Amino acid sequence: MAYQPDPDALPLLGQIPAKIAAANPIPGNFERQPRALVRLTTGEIFMDSELQLDTDGWPGGANGDGTHLDGTSWNYAGGDKPINANEVPYFVLPKGGWDHQHGIGLGDYAAVIFKTKLVFAVFADRGEPFRIGEGSIHLLRKLGFERIKPDGSVQNTGTPGGVITIVFPGSGNNKVYANQAALLAELDVKARPFFENLRNAPGVAALVG
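Read on for an overview of the structure. None of the values given here were measured: they were computed from a predicted structure.

## What about the overall build of the chain?
Secondary structure assignment for the chain yields five helices and nine strands. N-terminal to C-terminal, the α/β element order of the chain is α-α-β-β-β-β-β-α-β-β-β-α-β-α. In summary, the chain has a C-alpha radius of gyration of 16 Å against a globular reference of 17 Å for 209 residues, a match within 12%. Across its three principal axes, the chain shows a C-alpha extent of roughly 45 × 30 × 30 Å. At a minimum sequence separation of 6, the contacts of the chain that also span at least 24 residues come to 73%. Accessible surface for the chain amounts to roughly 9300 Å². Of this, 52% is attributable to carbon and sulfur atoms.

What follows is the structure in structure tokens.
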């Protein structure tokens with residue numbers, strides 16, 4: 001059966017679904033296998049998956065997340081200030097060289113879509129090599145899934161399937177930000193043109209199985 005994105009997401013995706021027919025499948029044996037995981041002919045990584053929760057970098061993350069780490073793979077200038085999962089929309093890729101294999105660097109951008117919501121996120125953390133499809137607390141929040149309970153603890157669950165993540169390799173240009181304010185001030189502005197260029201460029205073919 002042909003892969004079909006969630007119909008609610010189609011207005012946001014524009015020409016992107018038509019490009020998937022010519023894309024190269026990315027093999028992998030993951031804990032939760034994505035519905036789609038391909039590399040478009042123009043280099044972007046397109047994934048349709050669940051989005052599991054990552055609390056790394058947030059001081060309160062240990063209150064409910066048994067896999068929480070204080071640090072993140074990417075940091076602010078100086079190298080000792082992690083990216084706060086509760087305040088920054090970031091996505092996670094598998095450790096072990098998966099990102100390098102696909103030309104992705106820490107600080108690169110992605111467009112993340114769930115139904116009618118579009119969020120721009122930054123690659124800030126690496127997770128287990130058997131897991132793909134993870135995002136920070138704030139990324140899930142912006143997609144409509146609040147995971148901090150009223151008592152401040154973590155509801156350690158992800159999203160349903162149907163979350164589309166489009167990663168733009170090299171888009172971050174190896175930039176390291178001075179602090180969170182600087183990152184958040186630039187994130188949407190820097191990431192949006194990559195997405196708009198992709199969604200507006202003519203597709204190459206209709207969807208195929």
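Now that the structure has been shown, the text picks up again.
## Digging into the pattern of salt bridges
Overall, the coordinates contain 11 salt bridges when judged by the stated rule. Lys115 is the partner of Asp8 in a salt bridge, and the nearest nitrogen-oxygen pair spans 3.8 Å. Pair noted here: Asp8 is in the segment before α1 (10-13) and Lys115 is in the loop between β6 (109-114) and β7 (117-127), with a separation of 107 residues, a long-range link. The class for Lys115 is partly exposed, based on a relative accessible area of 33%. The shortest N-O distance in the salt bridge between Arg126 and Asp99 comes to 2.9 Å. One end of the pair, Arg126, is in strand β7; the other, Asp99, is in helix α3 (residues 98-101), and 27 residues separate them in sequence. Linked through salt bridges whose partners overlap, the residues forming this network are Glu31, Arg32, Glu50 and Arg131.

About the criteria used
- Residues numbered from 1 in each chain as written.
- Predicted model: local features only at pLDDT ≥ 70, side-chain atom pairs only at ≥ 80, totals over all residues.
- Heavy atoms only, no water.
- Helix = DSSP H or I, 4+ residues; strand = E, 2+ residues; numbered from the N terminus.
- Rg over C-alpha atoms; globule rule 2.2 N^0.38 Å.
- Contact = heavy atoms within 4.5 Å.
- Areas by Shrake-Rupley, 256 points an atom, 1.4 Å probe, with all protein chains shown as cover.
- Salt bridge = Lys/Arg side-chain N within 4 Å of Asp/Glu carboxyl O.
- Buried < 20%, exposed > 50% of the residue type's maximum accessible area, 1.4 Å probe, protein only.

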